[in-house]
Amino acid sequence: MLLGASLVGVLLFSKLVLKLPWTQVGFSLLFLYLGSGGWRFVRIFIKTIRRDVFGGIVLLKVKAKVRRYLRERRTVPILFASTVRRHPDKTALIFEGTDTHWTFRQLDDYSSSVANFLQAQGLASGDVAALFMENRNEFVGLWLGMAKLGVEAALINTNLRRDALRHCLTTSQAKVLIFGSEMAPAIFEIHASLDPSLSLFCSGPWEPGTVPVGTEHLDPLLEDAPKHLPSSPDKGFTDKLFYIYTSGTTGMPKAAIVVHSRYYRMAALVYYGFRMRPDDIVYDCLPLYHSAGNIVGIGQCLLHGMTVVIRKKFSASRFWDDCIKYNCTIVQYIGELCRYLLNQPPREAEHQHQVRMALGNGLRQSIWTDFSSRFHIPQVAEFYGATECNCSVGNFDSQVGACGFNSRILSFVYPIRLVRVNEDTMELIRGPNGLCLPCQPGEPGQLVGRIIQQDPLRRFDGYLNQGANNKKIAKDVFQKGDQAYLTGDVLVMDELGYLYFRDRTGDTFRWKGENVSTTEVEGTLSRLLDMADVAVYGVGVPGTEGRAGMAAVANPAGSCDLEHFAQLLEKELPLYARPIFLRFLPELHKTGTFKLQKTELRKEGFDPSVVRDPLFYLDTRKGRYIPLDQEAYARIQAGEEKL
């Protein structure tokens, strides 16, 4: 800002006072600019202008379409109808489990049957119907049919049971619950406590004795339902489409609201930003009750006419065989799936596929190059975003390790920012004017996005529970009186504007006066332990400041050369980042999107009377891990053991 004002001042003084010719004025401005450090700007400009122009074009294209659809009150079903008209007989969905192929016309007919059936049941626009089902073509047809009627689908995580499942059904205020026959045992467990007015319908193999009393078999009812398109509901582009529940790593799951414009924005930015093509075939093995599988993946089918192969669950051993069988050109990943694939023994199928793009988020930088080179995938399309966030970014040019970028030249075009946070409490740090302090390149900070409710690209739709919204919104961030969405994630930006994921808020802990990134330590430990699942977290130790690092390692074999492991850690990690405590257990519990659940692990800590798994601690004097028994635990608690 100061440099710009100086340049303007020199320009005015040179022309109006000194009356110099434009050539001399130009050279004067250039020398002043370069002498003030502007050469860095020139370097950044040259290196990023192509990337930024492409990103700007993508943003403008999506923004123009969003404005048009907002004006015309388009919805996802209306956009899907235009896709059906373009190629009704093209394959839309393939379910790998039964090799069932649905054309766009068949998907359209099935979803219309759903809409007409629910209308006959008395449901109307604005009502809610819960969907509790594993991945298959019908899952897409069911929520799409609900949307055709204006009914909002509550997409329930299939891993939920008992209290969490009951909570989701109750808070959604659903009038109808449609569940897959494979989920019948879970419904049985809570049936007695459900609202008696809740109508139950089961889809899939039908055995009356295996479902709760009063449940009806949905499939024959849909076959008899009319297939014509029902009358259009009074819904617009920014009205509710469905609800996606958070994974519930802490507390009960929260229902994030997905409106039609959000569904379109997420799918379209990925489509245009990563240069997808209508003839691409997507391999989607991610859960359809979450946004990665159902919006980023299925959205390419509904909105852009691509064929999507649906798999019930991810299988590392069958992954490449499926890609070859269905001629897939794009594969989706999330979290640790890439590491699981790398952990598989080499096979010929790895080199026989036609996959040109891996699309997803959460690929660790430590295995990025190994993944793309081993499996010969030219483009890693990594992005950052959450179901409810308004500040998604994408790595459009495959910069290794980056989850996206923001322009250093025109940073104001896309109103996102990394802001400084307290290293211990993760609270926002504000300047004398009360505004948040932006981070400089190389400085970690929390990613925030400015909220503009009138702009479908910048709005925050929040959660069904209004109380949960307050924790995700901060005021006076960019300027006085504004509001911004808090991602809860720590990222760092380099000099060129590339963004790199660092940690989720609360995962970073402080030890020996240094901040420890759990994400980085997990990546290192997993690599040293042959790609094992590793969860790293901080635990309190009496008499010490900060939190000591503890690593829970999935080790079904129950064996590990700890002496060799300690030697490797000395080379790989600084002393403060090496885990003080180790816990070996048969497996680590993960959410449906493969995020490690650390809450219970943190609570249990390193007390041998609580933890029955093998425990070890780092003897810093000997430089090796030794068993942690009750006697050693007592010494640590009394401060007699140097950590």
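Just above sits the structure.
These numbers come from a predicted model, not from an experiment. (Residues numbered from 1 in each chain as written. Predicted model: local features only at pLDDT ≥ 70, side-chain atom pairs only at ≥ 80, totals over all residues. Heavy atoms only, no water.)

1. Observations regarding unusual backbone geometry
Point 1. A positive phi angle, near 55 degrees, is found at Arg 73, a position not held by glycine.
Point 2. Using a relative accessible area of 41% as the deciding quantity, one classes Arg 73 as partly exposed.
Point 3. One non-glycine residue, Gln 173, lies in the positive phi region at around 55 degrees. (Buried < 20%, exposed > 50% of the residue type's maximum accessible area, 1.4 Å probe, protein only.)

2. A few points about the environment of Tyr 272
Point 1. For Tyr 272, the position within the fold is in helix H9 (residues 260-273).
Point 2. We classify Tyr 272 as buried; its relative accessible area is 19%.
Point 3. Expressed as a C-alpha distance, the spacing of Tyr 272 and Leu 59, which sit 213 residues apart in the sequence, is 9.0 Å.
Point 4. When sequence neighbours within four positions are dropped, the list of residues in contact with Tyr 272 reads Phe 54, Val 58, Lys 61, Val 62, Lys 65, Tyr 264 and His 304. (Helix = DSSP H or I, 4+ residues; strand = E, 2+ residues; numbered from the N terminus. Contact = heavy atoms within 4.5 Å.)

3. Digging into the packing of helix H15 (residues 518-528) against helix H16 (residues 562-572)
Point 1. Closest axis-to-axis distance for the H15/H16 pair is 11 Å, and the angle between their directions is 135 degrees. Considering the angle they form, H15 stands oblique to H16. Judged by the sense of rotation from one axis to the other, the crossing of H15 with H16 is right-handed. Residues Thr 524, Leu 525, Arg 527 and Leu 528 of H15 pack against Phe 565, Leu 568, Leu 569 and Glu 572 of H16.
Point 2. When grouped by side-chain class, the residues that make up the contact of H15 with H16 number five nonpolar, one polar and two charged. (Axes fitted to C-alpha atoms, helices over the stretch in contact; angles between N-to-C directions. Parallel < 35°, antiparallel > 145°, perpendicular 65-115°, else oblique. Left-handed = near helix turned anticlockwise from the far one by under 90°. Nonpolar A, V, L, I, M, F, W, Y, C, P; charged D, E, K, R; others polar.)

4. Things to note about the pairing of strand E26 (residues 581-585)
Point 1. The element E26 is extensively covered by neighbouring structure, given that five of its five residues are classed as buried.
Point 2. By the alternation rule, side chains of E26 split into Phe 581, Arg 583 and Leu 585 and Leu 582 and Phe 584, which are all buried.
Point 3. Bridge count between E26 and strand E27 (residues 615-619): three bridges; the pairing is antiparallel. Counted as the bridge partner of Leu 582 is Phe 616 from E27. (Pairing = 2+ DSSP bridges.)

5. So, the packing of aromatic side chains
Point 1. Following the criterion strictly, the structure yields 25 aromatic pairs and no others.
Point 2. Taking the centre distance of 5.7 Å and the plane angle of 75 degrees together, the rings of Tyr 69 and Phe 237 count as edge-to-face. You can see Tyr 69 sitting in helix H2 (residues 22-71) and its partner Phe 237 sitting in the loop between helix H8 (218-224) and strand E8 (240-245), a full 168 residues away along the chain.
Point 3. Residue Tyr 69 is classed as buried on the basis of its relative accessible area of 8%.
Point 4. Where Trp 143 meets Tyr 263, the ring centres are 5.6 Å apart and the plane angle is 55 degrees; that geometry is what we call tilted. Note that Trp 143 is positioned in helix H5 (residues 137-149) and Tyr 263 in helix H9, a separation of 120 residues in sequence.
Point 5. For Trp 143, a relative accessible area of 1% translates into the label buried. (Phe/Tyr/Trp six-rings, centres within 6.5 Å; stacked < 30°, edge-to-face > 60°.)

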